[in-house]
Amino acid sequence: MSVPKSMHAIVAQVFAGTPVTDIHTHLFDPAMGSLLLWGIDELLTYHYLVAEVLRARPEITYKAFWTMPKSAQADLIWQELFVKRTPVSEACRGVLTVLQALGLNANTERLSDIRAYFAAQTVHGYVDQVFKLAGVECVYMTNDPLNPVERAVWEKGFERDPRFLAALRLDSSLKDWPQSVANLKALGYAVDTSLSGRTLSEVRRYLNDWCQRIEARYMAISLAPTFRYPDMGVKTFQHSAECWNVSSLTNLMVKAVIPVARERGIPVALMIGVRKAVNPALGDAGDSVGLADMAAVENLARDFGDVTFLVTLLARENMHGLCVAARKFKNIVPFGCWWFLNNPSLIREITAMRMELLGLSLIPQHSDCRILDQLVYKWAHSRAVIGDVLASKYDDLARAGRPVSEADIRRDLAVLFDGRLINQRPLV
Ligand code: RAT
Ligand code: ZN
């Protein structure tokens with residue numbers, strides 16, 4: 001007699017066949033050329049691993065590391081983290097998962113065979129292979145028109161690969177206002193540092209023009225833990241009268257970003273809790289974490305009830321507050337286990353809490369891949385943990401008299417992973 005399959009095995013099987021929409025990556029349409037990173041040297045020099053190698057070899061100066069050619073950095077990381085040490089960290093394990101899925105031998109001291117494999121790939125063929133191995137149907141890019149290389153590609157035009165959807169990223173244009181004023185002016189937008197005159201309408205024109213051009217499905221910004229809404233700002237004295245200097249960023253969000261999102265019927269993604277460049281010498285690896293103000297998220301959701309806010313937060317301590325906020329406001333959609341939270345032990349805890357508080361009305365994960373190949377490991381690792389959490393919930397339901405069928409599982413996984421929550425239009 002055959003042993004009945006466990007719920008965990010059934011969910012794993014259905015999940016393996018469920019195509020995923022990855023709602024936040026740093027990948028690019030292959031037609032955008034060198035912007036799309038892939039291959040072993042890129043995988044090994046991922047900023048998560050740069051931080052780890054410099055911990056393993058603290059006597060290497062930051063400058064010495066950054067002046068090494070990329071292939072030498074990759075060799076160093078391979079030797080230090082994979083050969084001389086057991087690669088137990090999540091970022092290390094990820095590289096091994098990718099190599100294994102590609103059928104490559106990772107038990108090697110030298111990278112030559114692995115490099116030879118990648119040298120024989122074409123980008124288009126490799127994109128197809130990675131999407132297939134990862135079970136990913138489409139990915140959202142992170143698009144920044146103020147990056148001159150990227151802007152040139154959009155301005156020239158190219159034939160879009162429908163698997164790569166656009167998201168307009170706002171950090172470089174709005175976050176450190178007025179630093180971006182010169183760049184926006186250079187593109188023909190009549191903005192000034194004080195947000196006076198036509199500035200706000202010109203920022204709206206910039207957002208509209210670029211949302212239109214790239215067919216942005218949402219706008220996104222990463223925010224410091226200090227982000228506040230409403231923002232009373234700092235108290236100043238002008239002509240001896242007390243006045244409050246409201247932060248430019250909050251003003252821009254409320255008077256430019258949100259109106260454009262509402263008009264276009266697209267969400268705003270708030271990624272809150274990053275303290276940028278606490279160690280500037282580490283480059284992309286030098287950012288840290290801080291506690292976000294949940295009241296700001298709730299106040300935005302309340303005041304702009306017809307706009308969807310996709311929200312991800314960097315601090316583990318914020319996860320419970322986000323679930324509670326989402327219970328209060330149907331236009332808050334929690335998404336992903338972001339960056340330092342994208343580790344199995346944390347994904348397990350966060351996913352269970354979210355499902356207990358919100359059922360299936362959330363987007364459990366995004367990959368944040370910067371390198372194409374990472375889709376394979378980030379999704380394999382997340383599928384395993386999220387599948388387990390879901391199966392445990394189904395077991396609990398069966399014990400409560402509600403057995404869950406394979407059709408239920410299929411429907412649930414589709415809701416969670418096909419990206420449909422991005423296209424919801426909340427009504428007040
Ligand atoms: O996870 C990362 O790679 C970070 O460096 C950031 O890209 C972050 O995800 C972001 O989008 O700001
Ligand atoms: Zn990101």
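Rules of the game
Residues numbered from 1 in each chain as written. Chains lettered and ligands numbered in written order. Predicted model: local features only at pLDDT ≥ 70, side-chain atom pairs only at ≥ 80, totals over all residues. Heavy atoms only, no water. Salt bridge = Lys/Arg side-chain N within 4 Å of Asp/Glu carboxyl O. Helix = DSSP H or I, 4+ residues; strand = E, 2+ residues; numbered from the N terminus. 1 Å grid on protein atoms, 1.4 Å probe; cavity = no way out; pocket = protein on both sides within 12 Å on 5 of 7 lines; lining within 4 Å. Points joined across faces, edges and corners; volume = space filled by probe spheres on them. Nonpolar A, V, L, I, M, F, W, Y, C, P; charged D, E, K, R; others polar. Contact = heavy atoms within 4.5 Å. Donors = N, O, S within 2.8 Å, 3.2 Å for Na, K, Ca; no water. Buried < 20%, exposed > 50% of the residue type's maximum accessible area, 1.4 Å probe, protein only. Phe/Tyr/Trp six-rings, centres within 6.5 Å; stacked < 30°, edge-to-face > 60°.

Colleague: Report on the pattern of salt bridges, specifying residues and quantitative values.
Modeller: Taken as a whole and judged by the stated rule, the model has 30 salt bridges. With a shortest N-O distance of 2.9 Å, R115 and D41 are connected by a salt bridge. Taken together, the positions of R115 in helix α7 (residues 112-119) and D41 in helix α2 (residues 40-44) put the pair 74 residues apart, joining distant regions of the chain. A salt bridge links E356 to K393; the nearest nitrogen and oxygen atoms lie 2.4 Å apart. Taken as a pair, E356 in helix α16 (residues 344-358) and K393 in helix α17 (residues 374-399) lie far apart in primary sequence, 37 residues in all.

Colleague: Report on the layout of surface pockets, specifying residues and quantitative values.
Modeller: Counted as a void, the largest pocket has a volume near 950 Å³. Taken together, 36 residues line the largest pocket, and the ones lying closest to its centre are H26, H47, K276, D284 and R370. Among the elements that line the lining of the largest pocket, the one with the most residues is helix α3 (residues 47-56), at three residues. Here the residues of the lining of the largest pocket sort into 15 nonpolar, nine polar and 12 charged. Of the voids in this model, the second largest pocket is the one considered here, and its volume is about 300 Å³. Surrounding the second largest pocket, 19 residues form its lining, Y48, E52, A91, W339 and F340 being those nearest its centre. Elements that contribute at least two residues to the lining of the second largest pocket include exactly α3, α6 (90-101) and α17. Looking at the lining of the second largest pocket residue by residue, the classes come out as seven nonpolar, seven polar and five charged.

Colleague: Residue-level account of the environment of D284, with values.
Modeller: Counting through the fold element by element, D284 comes out in the loop between β8 (274-275) and β9 (288-289). Measuring from C-alpha to C-alpha, the distance between D284 and N342 comes to 16 Å, with 58 residues separating the pair along the chain. The contact partners of D284, leaving out residues within four places of it in the chain, are H47, W339 and R370.

Colleague: Lay out the coordination of the zinc ion (ligand 2) with the relevant residues and their values.
Modeller: Surrounding the zinc ion (ligand 2) are the protein donor atoms H24 (NE2), H26 (NE2) and D368 (OD), which sit 2.0 to 2.1 Å from the metal. Between the donor residues of the zinc ion (ligand 2), the gaps in sequence give the motif H-x1-H-x341-D. Note that H24 is positioned in the loop between β1 (20-22) and α2 and D368 in the loop between α16 and α17, a separation of 344 residues in sequence. Of the two residues, H24 and D368, neither departs from the other in class, the shared state being buried.

Colleague: How would you summarise the packing of aromatic side chains if you had to cite specific residues and measurements?
Modeller: Any pair of aromatic rings gets described here by the distance separating the centres and the angle formed by the planes. Inspection of every chain in the model, using the stated rule, returns 15 aromatic pairs. Taking 4.2 Å as the distance between ring centres and 20° as the angle between the ring planes, the aromatic pair formed by Y46 and Y48 counts as stacked. Both residues of the pair, Y46 and Y48, belong to the buried class. Between Y140 and Y218, the aromatic rings sit 5.5 Å apart at their centres with planes inclined by 35°, giving tilted as the arrangement. In this pair, Y140 sits in strand β2 (residues 136-140) while Y218 sits in strand β4 (residues 216-223), placing the two residues 78 residues apart along the sequence. Grouping aromatic residues by their ring pairs yields a cluster made of W38, Y117, F118 and Y126.

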